[in-house]
Amino acid sequence: MARGEQVIFTNMCMVTDKDGRVLVQDRSDTNWPGMVFPGGHVEYGESFVESVIREVWEETGIRVENPKLCGIKQFYTREDARYVVLFFKADRYSGELKSSEEGEALWVPRSELLGCKLVDGFEEMLRVFESEEISEVCWAPGADECQLF
């Protein structure tokens, strides 16, 4: 049995400020619309940390400092590749908020986040970002529901 598989690495970052707000992106992509934390693909040769710093900056104008890995999301694509999203958290940053072609960037009070139009699966992801006991959200091949580990 082969041990290798095709893997796609991406990232997502929960950026918080001192006023209890979180940085979100209201995605303009009709395939996965709604609000979500910023992030994107890891480029060839790029470290995971470098990739999340770059992606947050490209999408929001905010340059995070010292992002910390806090969890993982994974599922399989239609082409049977494992799609891995590395979750990071950051509370130190610089820059001025700006939107990108991927969507509007905005600060939302954390207490109001669940009342927003969120991307599919975001509530499960948020549990991983905010829990000390849960580190992974996973959709097994062909599964309709996720598992939290």
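What counts and what doesn't
Numbers given for residues are sequential positions, taken from 1 along each chain in its written order. Totals for whole chains, interfaces and linings use every residue, but because this is a predicted model, local features are given only for residues with pLDDT of at least 70 and side-chain atom pairs only at 80 or more, for both listing and counting. Hydrogen atoms and water are omitted, and side-chain values are computed over all heavy atoms in the structure. We define the nonpolar core as a collection of buried residues of types Ala, Val, Leu, Ile, Met, Phe, Trp, Tyr and Cys that are connected through side-chain atoms lying within 4.5 Å of one another. For every residue, the accessible area (1.4 Å probe, protein chains only) is compared with the maximum for its type, and the residue is labelled buried under 20%, exposed over 50%, or partly exposed between those bounds. Helix and strand definitions here come from DSSP, where helices need a minimum of 4 consecutive H or I residues and strands a minimum of 2 consecutive E residues; each element is numbered from the N-terminal end. Every residue pair with non-hydrogen atoms within 4.5 Å of one another is taken to be in contact. In summary, the charge assignment counts Lys and Arg as positive and Asp and Glu as negative, without counting His or the chain termini. Criterion for a salt bridge: a side-chain nitrogen of Lys or Arg within 4 Å of a carboxyl oxygen of Asp or Glu. Each patch is built from residues that are more than 30% exposed by relative accessible area and take part in no salt bridge. Like charges join if they lie within 9 Å; nonpolar side chains (Val, Leu, Ile, Met, Phe, Trp, Tyr) join within 5 Å. For the area figures, the Shrake-Rupley method with a 1.4 Å probe applies, and any residue is considered shielded solely by the protein chains shown. A pair of aromatic rings is counted whenever rings of Phe, Tyr or Trp (Trp by its six-membered ring) have centres within 6.5 Å, and the orientation is called stacked for planes under 30 degrees apart, edge-to-face for over 60 and tilted otherwise. Here a cavity denotes grid points, spaced 1 Å and computed from the protein atoms alone, that fit a 1.4 Å probe unable to get out, and a pocket denotes an open set having protein on both sides within 12 Å along at least 5 of 7 lines; residues with an atom within 4 Å of a point are the lining. Grid points are joined across faces, edges and corners, and a volume is the space filled by probe spheres set on the points. Polar here means any residue other than Ala, Val, Leu, Ile, Met, Phe, Trp, Tyr, Cys and Pro, which are nonpolar, and Asp, Glu, Lys and Arg, which are charged; Gly is therefore polar.

Visitor: So what exactly am I meant to see when it comes to the nonpolar core here?
Guide: Note on soluble globular proteins: their nonpolar side chains tend to be buried together. Counting 22 residues, the largest nonpolar core has Met 12, Val 24, Phe 37, Phe 87, Leu 113, Phe 122 and Met 125 as the members making the most contacts within it. The set of elements that each furnish at least two residues to this core consists of strand 1 (7-15), strand 2 (21-27), strand 3 (34-36), strand 6 (82-90) and helix 2 (122-130). Per element, the largest residue contribution to this core is 5 residues, and it comes from helix 2. Those residues in contact with Leu 113 that lie beyond four places of it in its chain are Val 22, Val 24, Phe 37, Val 108, Leu 118, Phe 122 and Leu 126. Core analysis: the next-biggest nonpolar cluster, separate from the first, contains 13 residues, Val 15, Val 52, Val 56 and Val 84 among them.

Visitor: I would appreciate a short explanation of the side chain of Lys 73 in the present structure.
Guide: Residue placement: Lys 73 occurs in strand 5 (residues 68-76). Glu 124 provides the closest opposite charge to the buried, unpaired Lys 73, separated from it by 8.2 Å. In this structure, Lys 73 is in contact with Trp 32, Tyr 83, Val 84, Val 85, Phe 87, Met 125, Val 137 and Trp 139, ignoring residues within four places of it in sequence.

Visitor: For this particular structure, what's the right way to read a nonpolar patch on the surface?
Guide: A surface patch of nonpolar side chains, about 230 Å² in accessible area, is lined by Val 7, Phe 9 and Phe 48. Tracing the sequence through the fold places Phe 9 in strand 1. Judged by relative accessible area, which is 34%, Phe 9 ranks as partly exposed.

Visitor: Sorry, what's going on with unusual backbone geometry here?
Guide: Most peptide bonds take the trans form, and the phi angle of most residues other than glycine is negative. The phi torsion at Asn 66 lies on the positive side, around 55°, for a residue other than glycine. Of note, Asn 66 is situated in the loop between strand 4 (62-65) and strand 5. Under the relative-accessibility criterion, Asn 66 is labelled partly exposed at 44%. Phi at Asp 80 is positive, roughly 70°, even though this residue is not glycine. By secondary structure assignment, the location of Asp 80 is in the loop between strand 5 and strand 6.

Visitor: Hey, could you run me through the packing of aromatic side chains in this one?
Guide: Each aromatic ring pair is characterised by the separation of its centres together with the angle its planes make. Counted by the stated rule, this structure contains 6 aromatic pairs. With centroids separated by 5.0 Å and ring planes inclined at 70°, the aromatic side chains of Phe 37 and Phe 122 adopt a geometry described as edge-to-face. With Phe 37 in the loop between strand 3 and helix 1 (48-60) and Phe 122 in helix 2, this residue pair connects regions lying 85 residues apart in the sequence. The pair formed by Phe 37 and Phe 122 is uniform in burial state, with each residue classed as buried. With 4.3 Å between their ring centres and 20° between their planes, Phe 87 and Phe 129 make a pair best called stacked. Here the residue Phe 87 occupies a position in strand 6, and Phe 129 occupies one in helix 2, the gap between them amounting to 42 residues. There is no split in this pair, since Phe 87 and Phe 129 are both buried. Counting every residue linked through ring pairs, the aromatic cluster contains Phe 37, Phe 87, Phe 122 and Phe 129.

Visitor: Would you take a moment to explain the layout of surface pockets for this structure?
Guide: The rolling of a water-molecule-sized probe over the atoms marks out the regions of remaining empty space. Its volume calculated, the largest pocket comes out at about 840 Å³. Residue lining of the largest pocket: 32 residues in total, with Arg 27, Trp 32, Lys 73, Phe 75 and Tyr 83 positioned closest to the centre. Of all the secondary-structure elements, those providing two or more residues to the lining of the largest pocket are strand 1, strand 2, helix 1, strand 5 and strand 6. In the lining of the largest pocket, the residues fall into 11 nonpolar, 9 polar and 12 charged.

Limitation: the analysis is restricted to geometry and does not speak to function.
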